[in-house]
Amino acid sequence: MGYAVVPSSNHVALRDGDNQVLFRPDLIEALKRINGISDADANAAYADLVSIADNEVWLSILRGNFSRTVEGKATRQTLRVIDFLDPSRNVFTVTNQFKVKAEKTRIADIVVHVNGIPLVVIECKSPINAKDKTGEAFEQIKQYERDIPRLFLSNCFNIVTDGTNCLYGATGSPSKFYADWRDPWPKPDANFPDDLSKGLWSLLEPSRLLDLIAHFIVFEKTDSGTVKKVCRYQQFRAVNKLVERVVEGKHRRGLIWHTQGSGKSLTMVFAALKLKTHLTIADEALTNPNIMVLTDRIDLHGQISGTFAACGLPNPVAVESIRGLRDLISKGTDGLTVLSTIFKFQGSETPIPNSANWVVMVDECHRTQEKDLGAYLRKTLPDARFFGFTGTPIKKDDKDTYANFGVVGEGYLDKYGIDDAVADGATVPIYYTGRKIDWRMDEAKLDVLFDQWFAELDDDALSEVKRKGVKIVDLVKHPDRIDLIAYDIWTHFKAYAQPDGFKAQIVAIDREAVVLYKRALDRVIAQDLIKTGVSADEAQRRATAMSACVYSPSQEDAKPSEDPYIQSIRDDLQRHYLDRVAETEAKLAFGKKGVQPEFLIVCDKLLTGFDCPIESVMYLDKPLKEHGLLQAIARTNRVADSKKRNGLIVDYIGVSAKLDEALASYRADDVANAMRNLDDLRSQLRAAHAVVRAVLKPLKRKGDGKSREEWKAEFDAFIDILGSEDEWFAFKAKAREFIAAYEAVSPDPCVLEFTDDLKWVATFLQYATQVFEKREAFDQRDYSQKIRQMLAEHLDATGLSVTVKLRHITDPEFWEDFKIEGMTEPDLKTAAIRKTTELRRTVTERIEANPHQFEKFSERLRELLERLGDAQLSWGAKLQMAERLAKDIQAEDRAHESSGLSAGAYGVLQILRSYGADGGAEDLASQIVVLYTDGDTAPRGWPQKDGLRKMLRQAVRGMAHEHGLSNLKDLPVAVEEFALKHFAAG
């Protein structure tokens, strides 16, 4: 792709030291070449750039927002570090084994520089679990970001790969947000031999990389801090299609469907950013366009306005009145970014003067054509370009939306459907399950239900009710039914969502039903807590805090009524009503793990535009259909942590029984998987289990009641059946699919037939990870709490906890494995593998603590790992190798005792010796320890004070110079790294 390879041997010549990351010659030459400045000015600019220590500021600099005084100019000159219009004027380089010195020195696998600026880090490990976002590569990237932050100051995004998968994520992004680039638009998939080639071209082909840097990265300000976001492929594709259409001028419209939860608001932000800045395009059509973003709901207007402002788009104006809108757009001004609701065009029929220069993006565009609002909009902006966005598919018979935003014969300009989002992991799939079939409301059964629910009424009362007429809504709100469902909700929630900290919405049929559910749920939870020994008052307090009601007020709520029931409902509607501030606080609290409430009870509010990843289940008791149903259920489809594998709709009203009817107005392929039957998930579990059982088939397994030795014998036998590391990784992937499917269905009773196999497989994974990978099994961190607890109990019951437990070298039991007398060959093998795994962890810890003292053990560990596979060497001999290594590490741990030095001083002595110190260095080591531990020279908090740290380094430099040591540049840095780890608390 035109990148120059920089050998790692060139790093010294290109950098100002191992702790620097910019390639100085490349950057200085680029500054001169792109800006026409002198060598002296370029060097001065480089000095400025070296001191920039903020990722957001760096992105701004990359985009051309950097200026300084230069020779011969009276005012500051903008200096560009990248030429976006002509990629060939930039130098694209790739290098490997990029060592960055810091408190904890790290070596990045591959780094991509543009004009000497590191922009992308690629971590290569094997293997990656692309679906669950687990693997060593993700952990390595997070470790680098923590330990060598300098490499990530100018970083745009990172890539992890195992040679097959290729996933990317923004700087600082949690692994769950890493994704692959599935569509290499405008090229077809067939152009690429594999996903790695496709991903690298899509992300790093020079012109595409520049486009991504220029237009597709934002910093969004949120309540929990600033979040850096990079686009997904569908956002890149849709925005570039939209911009191309604006530039070409042939079609002045386009319809974009990006399903809910896939980042539609951000797509609009990226579109606005590219239309405004168009750094990679020089075209008259983009000289200074006006942009308008329209919504048809106040909450969506607030959401999009907030997103635009939070992402730092230049000068977005949120219009608050009809007059304000008219005054703003009628002046003929160009370069505006206007955010408004479509209602502010009501009655507007006079065209504005420069409508051809407006690009209008309409959110939820299918709703804006109602009540002539679309007609008023087009009369006001007759020559504008209109792009309609929607989070739900357009109905088959919605001719207006297609006519106003679509091009004849095109359908969607860009489509990113429900299945696309789930396949990418941008959203989780939504499953549904119907509960208590006899509780569902069916018009045909009205008389039967009537008699059932109102059986306690006398004849006169019964006649009066029949005279008035009973509707479905009356039956839905019958207190007995609400009580039964509230109990079912709490029972299900405790087993399904609560163990992993997830939360739920209850969707009631109307406002009255909201307070009925609140009463019933409070009562059910309080009774349950009392059974556990909680006092009645405390139980009631906790139960009340667990749920909050969100609904709109009514003038009727404050009116008195002579009917006691109606009055009680009105009293509760006033009691539980949350004003705007309280509602905002409740929503924020709902979004946080471990903070009450755990339920939001709603009827109309929060069924659209409410993003809350922690919500994993919706208890539905309101007959929704079409757009309302699609919007509501999508509240559960947001990605959270790895434990949230799907959203779940628990249906009490019968929507799922008539799903085809409820969604009949849409094209079948557009909504085929809007909600999937939980039976599908059960089928997936059965299929995943069958795959695992097929691999296990050659193994003879005993039933219940096995001893620990018998369990271990089965595990060892299966390891022999798997044979190779490749087969192990293949089985591990299948096993994790089985465990994930089990977790997704649990606590459904159907899982019970798979529980025994689950325990066997999950425990084997722990054991076999040590055998095949010689490391601790980290898989369990991603298991749900209910699974982890079940496995812990299983390990204790079988005695296998002894087999898989890893001990620290300081634990007296660590040395038990070396007592080999009477041990069988299988026992020797287990002990040797366990010791190697433990020593791998120990050596890593020691080297991190002081590489100058413990690095010598890394080669011996590598040799031990290699010798484990030597069939010519007995397991007893391998165990003896491990024992010698362990004893030597232990001796090194205690070496300070015979030296007369403290452990800290001895550690410093090893650093001094690695830099050439000889006799007499003991006193120097002790002096340095005093320097870093004395309250006068190193007061509390010294690690956070750069000036003080610099003075301490200078003091070490002077002391080392007096001792006759050389390399006075690196030695003080190494001493400081050690001091930060061992003396920082003082």
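Above: the structure in question.
Attention in this report is confined to the structure presented alongside it.

The rules we used
- Residues numbered from 1 in each chain as written.
- Predicted model: local features only at pLDDT ≥ 70, side-chain atom pairs only at ≥ 80, totals over all residues.
- Heavy atoms only, no water.
- Helix = DSSP H or I, 4+ residues; strand = E, 2+ residues; numbered from the N terminus.
- Rg over C-alpha atoms; globule rule 2.2 N^0.38 Å.
- Buried < 20%, exposed > 50% of the residue type's maximum accessible area, 1.4 Å probe, protein only.
- Contact = heavy atoms within 4.5 Å.
- Areas by Shrake-Rupley, 256 points an atom, 1.4 Å probe, with all protein chains shown as cover.
- Lys, Arg positive; Asp, Glu negative; His and termini not counted.
- Charge placed at Lys NZ, Arg CZ, Asp CG, Glu CD.
- Expected span 1.5 Å × (residues − 1).
- Bend = angle between axes of the 7 residues up to and from the residue.
- Axes fitted to C-alpha atoms, helices over the stretch in contact; angles between N-to-C directions.
- Parallel < 35°, antiparallel > 145°, perpendicular 65-115°, else oblique.
- Left-handed = near helix turned anticlockwise from the far one by under 90°.
- Pairing = 2+ DSSP bridges.
- Core = buried A, V, L, I, M, F, W, Y, C linked by side-chain atoms within 4.5 Å.
- Polar contact = N/O pair within 3.5 Å; in protein donor to acceptor, adjacent residues only side chain to side chain.

## Some points on the overall build of the chain
Alright, step 1. Within the chain, the secondary structure is distributed over 38 helices and 25 strands.
Alright, step 2. Computed over the C-alpha atoms, the radius of gyration of the chain is 33 Å, within 12% of the 30 Å expected from 2.2 N^0.38 for a compact globule of 986 residues.
Alright, step 3. Seen along its three principal axes, the alpha-carbon backbone of the chain occupies a region of about 105 × 85 × 60 Å.
Alright, step 4. For the chain, the proportion of its 986 residues judged to be buried stands at 54%.
Alright, step 5. Considering only residue pairs separated by 6 or more positions, the chain has 72% of its internal contacts joining residues 24 or more positions apart.
Alright, step 6. Element-wise, carbon and sulfur atoms account for 51% of the exposed surface of the chain, whose accessible area totals about 42600 Å².
Alright, step 7. Averaging the coordinates of the 134 positive side-chain charges in the chain and doing the same for the 148 negative ones gives two points 2 Å apart.

## So, helix α28 (residues 755-773)
Count 3.6 residues to each turn of an α-helix, and residues three or four apart come out pointing the same way.
Alright, step 1. With 19 residues, α28 extends 26 Å from end C-alpha to end C-alpha; this agrees with the ideal 27 Å at 1.5 Å per step.
Alright, step 2. Approximately 30° is the largest bend angle found in α28, and it occurs at Y767.
Alright, step 3. Counting buried residues along α28, 17 of its 19 residues qualify, which places the element largely inside the surrounding structure.
Alright, step 4. Just past α28, the residue K774 takes up positive phi, approximately 55°.

## Focus on the packing of helix α35 (residues 903-914) against helix α36 (residues 921-933)
Alright, step 1. Between α35 and α36, the least distance of the axes is 8 Å, while the angle of their chain directions is 120°. Taken together, the axes of α35 and α36 lie oblique to each other. Note on packing geometry: the crossing formed by α35 with α36 is right-handed. Facing G904, A905, V908, L909, L912 and R913 of α35, the residues of α36 in contact are A921, E922, L924, A925, S926, I928 and V929.

## Topic: the environment of Q880
Alright, step 1. Along the polypeptide, Q880 turns up in helix α34 (residues 875-899).
Alright, step 2. Sequence-wise, Q880 and F818 are 62 residues apart; in three dimensions their C-alpha atoms are separated by 7.5 Å.

## Section: unusual backbone geometry
Alright, step 1. With an omega of 5°, the peptide bond running from W185 to P186 counts as cis.
Alright, step 2. Take P186: it is sitting in the loop between β9 (179-180) and α6 (195-204).
Alright, step 3. Look at N115: it is not a glycine, yet its phi comes out positive at around 55°.
Alright, step 4. Exposure remark for N115: the relative accessible area of 0% places this residue in the buried category.

## What about the pairing of strand β20 (residues 503-507)?
Alright, step 1. Counting buried positions along β20 gives 5 out of 5 residues, so the element sits mostly inside the fold.
Alright, step 2. Here β20 runs beside strand β23 (residues 615-620); their pairing, made up of 5 bridges, is parallel. Along β23, the bridge assignment pairs V507 with L620.
Alright, step 3. As defined by bridge partners, β20 adjoins strand β22 (residues 599-602) across 4 bridges and the pair is classed as parallel.

## A look at the nonpolar core
Alright, step 1. Ranked by size, the top nonpolar core spans 164 residues in total, and within it M292, L381, F599, Y619 and F764 carry the most contacts.
Alright, step 2. Ignoring sequence-local partners within four residues, the contact set of M292 consists of L325, I329, V338, F345, W358, V359, V360, M361 and L381.

## As for the side chain of N115
Alright, step 1. Tracing the sequence through the fold places N115 in the loop between β5 (106-114) and β6 (117-124).
Alright, step 2. Engagement of the side chain of N115 in a polar contact is seen with the side chain of N90, the distance being 3.0 Å.
Alright, step 3. If near-sequence neighbours (up to four positions away) are discounted, N115 is found in contact with D26, L27, A30, R33, I34, V81, I82, N90 and V91.

## Some words on the sheet that holds β23
Alright, step 1. With parallel pairing, the 7 strands of this open sheet are ordered in space as β21-β22-β20-β23-β24-β19-β25. Where the open sheet ends on each side, the last strands, each with one partner, are β21 (547-550) and β25 (676-677).
Alright, step 2. The sheet strands contacting helix α19 (residues 511-531) are β20, β21 and β22, and the helix crosses β22 at an angle near 150°.

## Some remarks on the sheet that holds β9
Alright, step 1. On the basis of which strands lie adjacent, the open sheet formed by 7 strands has the order β1-β4-β5-β6-β7-β8-β9 and mixed pairing. Two strands close off the open sheet at either side, each with one partner strand: β1 (4-6) and β9.
Alright, step 2. Both strand β8 (residues 166-170) and β9 contribute to a ladder of 2 bridges, which runs antiparallel. Residue Y168 lies in a different strand from β9, and its bridge partner there is A179.
Alright, step 3. Across the sheet, α6 lies against β5, β6, β7 (157-161) and β8, angled at about 170° from β7, the strand it touches most.

Keep in mind that these numbers describe shape and distance, not what the molecule does.
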